[in-house]
Amino acid sequence: MNAVPSPVRPAYRTAATQEEIQANLADIRARIDAACERAGRDPAEVRLLPVSKTVDESRIRMAYAAGCRQLGENKVQEAYGKWEAMADLADLDWAIIGHLQTNKAKFVARFAREFQALDNLRVAEALDRRLQAEGRSLDVFVQVNTSGEASKFGLAPEDALDFARALPAYTSLKVRGLMTLALFSPDETRVRPCFQLLRDLRDRLRQDAPQGADFAELSMGMSGDFEWAIEEGATTVRVGQAIFGARALPDSHYWPEGKAG
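The protein chain has the name Pyridoxal phosphate homeostasis protein in an unreviewed UniProt entry, where Castellaniella daejeonensis is given as its organism. What UniProt records for the protein chain under Function (unreviewed entry) is the sentence "Pyridoxal 5'-phosphate (PLP)-binding protein, which is involved in PLP homeostasis." The protein chain has a UniProt comment under Sequence similarities (unreviewed entry) that states "Belongs to the pyridoxal phosphate-binding protein YggS/PROSC family."

Encoded structure:
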């Protein structure tokens, strides 16, 4: 496999028009195709999840016009407000990809199609109770801390199997796979092991996890490293700044402290 050149952390230019968003989407999809070709994979196996945190309604509507039908958001209240404001876009699905507190489970249960940061059984119980009241189900990914950083949420890899064994009790949660945030670095030799660890853990879980938990999916890779993630098996890549442009606030604002917090 020929390695992709090291992703640089560029100063992403704001996409202010539908045409610019469409061009960025086309570029990302071309890079996904190229990464799949290097890895001997079918591009149809990889889903692009555009991440719209901090993106205003007008530009989200541009993204919708450019073909986006799924969007990822970190903060529940921000996502809920956007969902309400754009209720006319009935086929636009929302994925919550950031940490969730139990007192916000009621909002996620009301509108989200997917939750990618499940790492706590109290949250699982709160979501399940609220989803049953709403008569809905929710696709979920279990978040794993593959970098070992105290600043990140997610289960320790060695805790994932016991956690998975508890999930069938929450019948409204449809387990689809695992999610991780890799080490934020341009150094391929430090980032790839995070993706490799999640893939290996997924493979073990598919053999040992209880019936009803489908761990087929791997959500890993963002704007700066999604090509490496695809080469290591990602089935969903979460790309925001490379589509919409740089955010005004640092990543620490959107990815709050985890164990150390």
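Caption draft 1: Seen up close, the overall build of the protein chain. If you tally the helices and strands in the protein chain, you get ten helices and eight strands. What you see for the protein chain is a C-alpha radius of gyration of 17 Å, in line with the 18 Å of a compact globule of 261 residues. Overall size of the protein chain, expressed as C-alpha extent along the three principal axes, is 45 × 45 × 35 Å. Restricting the contact set of the protein chain to residue pairs at least 6 apart, pairs at least 24 apart contribute 67%.

Caption draft 2: Up close: the packing of aromatic side chains. In this structure the tally under the stated criterion is four aromatic pairs. With a centroid separation of 5.3 Å and an interplanar angle of 40 degrees, the aromatic rings of tyrosine 80 and tryptophan 83 are classed as tilted. Pair noted here: tyrosine 80 and tryptophan 83 are both in helix H3 (residues 76-85), with a separation of three residues, about one helical turn. Assessed through its relative accessible area of 11%, tyrosine 80 is described here as buried.

Caption draft 3: Local environment of the environment of glutamine 70. Relative to the elements of secondary structure, glutamine 70 occurs in strand S2 (residues 70-73). Owing to a relative accessible area of 28%, glutamine 70 belongs among the partly exposed residues under this scheme. Measuring from C-alpha to C-alpha, the distance between glutamine 70 and phenylalanine 215 comes to 21 Å, with 145 residues separating the pair along the chain. Beyond its immediate chain neighbours, meaning those up to four positions away, glutamine 70 contacts Arg47, Leu49, Pro50, Leu92 and Asp93. Side chain to side chain, glutamine 70 and arginine 47 meet in a polar contact 3.4 Å long.

Caption draft 4: Fine view of the pairing of strand S5 (residues 138-143). In terms of residue burial, S5 counts as a mostly covered element, since five of its six residues are buried. Across three bridges, strand S4 (residues 114-118) lies against S5 in parallel orientation. Paired with phenylalanine 115 across the two strands is valine 140, which belongs to S5. Crossover handedness for the path S4 to helix H5 (residues 121-134) to S5: right-handed. Of the strand pairs in this sheet, S5 and strand S6 (residues 173-179) are connected by six bridges, and their pairing is parallel. Looking at the pairing, leucine 138 lines up with leucine 173 of S6. Each parallel crossover has a hand, and for S5 linked through helix H6 (residues 160-166) to S6 it is right-handed.

Caption draft 5: How the structure looks around the nonpolar core. Counting residues in hydrophobic clusters, the biggest one holds 77 residues, and the most contacted among them are Phe115 and Leu127. With residues near it in sequence (within four places) discarded, leucine 127 still touches Leu100, Ala105, Val108, Phe115, Leu138 and Leu173.

Caption draft 6: Structural detail: the environment of alanine 105. Counting through the fold element by element, alanine 105 comes out in helix H4 (residues 105-111). By relative accessible area, alanine 105 is classed as buried at 0%. The residues touching alanine 105, leaving out its near neighbours within four places in the chain, are Leu100, Ala126, Leu127 and Arg130.

Caption draft 7: Representation of helix H1 (residues 18-39) within the structure. Spanning 22 residues, H1 covers 31 Å between terminal C-alpha atoms, matching the ideal 32 Å at 1.5 Å per step. Every buried residue of H1 is listed here: Ile21, Leu25, Ile28, Ile32, Ala35 and Cys36. The arc that holds every buried residue of H1, seen down its axis, measures 100 degrees, which confines them to one face. Of the exposed residues in H1, those oriented more than 90 degrees away from the buried face are Glu19 and Glu37. Following H1 by one or two positions, glycine 40 has its phi on the positive side, about 70 degrees.

Caption draft 8: Representation of the pattern of salt bridges within the structure. With the rule as written, the count across this model stands at 23 salt bridges. A salt bridge links arginine 69 to aspartate 91, with the shortest nitrogen-to-oxygen separation between them at 3.2 Å. Here arginine 69 is found in the loop between helix H2 (57-65) and S2, whereas its partner aspartate 91 is found in the loop between H3 and strand S3 (93-96), with 22 residues between them in sequence. Among the residues examined, arginine 69 registers a relative accessible area of 32% and is labelled partly exposed. A residue is classified by how much of its surface remains accessible, and aspartate 91, at 39% relative accessible area, is partly exposed. Put simply, arginine 129 and glutamate 125 hold a salt bridge, and the shortest N to O gap is 2.6 Å. Residue arginine 129 and its partner glutamate 125 are both found in helix H5; the two are separated by four residues, about one turn of the helix. Exposure remark for arginine 129: the relative accessible area of 45% places this residue in the partly exposed category. A residue is classified by how much of its surface remains accessible, and glutamate 125, at 34% relative accessible area, is partly exposed. Here the salt bridges do not stand alone but share partners, grouping Arg38, Glu188, Arg192, Arg199, Asp200, Glu231 and Glu232 into one network.

Conventions and cut-offs
- The written sequence of each chain sets the order in which its residues are numbered from 1.
- Where local features are concerned, this predicted model is filtered to residues with pLDDT of at least 70; where side-chain atom pairs are given and counted, the filter is 80 or more; whole-chain, interface and lining totals use all residues.
- Excluded from the side-chain calculation are hydrogens and water; included are all heavy atoms of the structure.
- UniProt positions are given in the numbering used here, feature names are shortened, and annotations may be inferred rather than shown by experiment.
- For the purposes of this entry, the term helix denotes a DSSP run of H or I that reaches at least four residues, the term strand denotes a run of E that reaches at least two, and both are numbered from the N terminus.
- The reference for a compact globule is 2.2 Å times residues^0.38; the radius of gyration itself is calculated from the C-alpha atoms.
- The contact criterion used throughout is that any non-hydrogen atoms of two residues lie within 4.5 Å.
- Pairing of aromatic rings covers Phe, Tyr and Trp, the last through its six-membered ring, and needs centres within 6.5 Å; plane angles under 30 degrees mean stacked, over 60 mean edge-to-face, and all others mean tilted.
- Burial status follows relative accessibility: with a 1.4 Å probe on protein chains alone, a residue under 20% of its type maximum counts as buried, one over 50% as exposed, and anything between as partly exposed.
- Throughout this description, a polar contact denotes any pair of N or O atoms lying within 3.5 Å of each other; where both atoms belong to protein, one of them has to be capable of donating a hydrogen while the other can accept it, and for residues adjacent in sequence the pair is counted only when both atoms sit in side chains.
- For two strands to pair, DSSP has to find at least two bridges joining them.
- Here is how to tell: hold the view so the strands point away, follow the path from the first strand over the helix to the second, and if it runs clockwise the crossover is right-handed.
- Buried residues of nine kinds, namely Ala, Val, Leu, Ile, Met, Phe, Trp, Tyr and Cys, make up a nonpolar core once their side-chain atoms join them within 4.5 Å.
- To estimate the expected span of a helix, count its residues, drop one, and scale the result by 1.5 Å.
- The arc in question is formed by the directions pointing from the helix axis toward the C-beta atoms.
- Any Lys or Arg side-chain nitrogen found within 4 Å of a carboxyl oxygen on Asp or Glu counts as a salt bridge.

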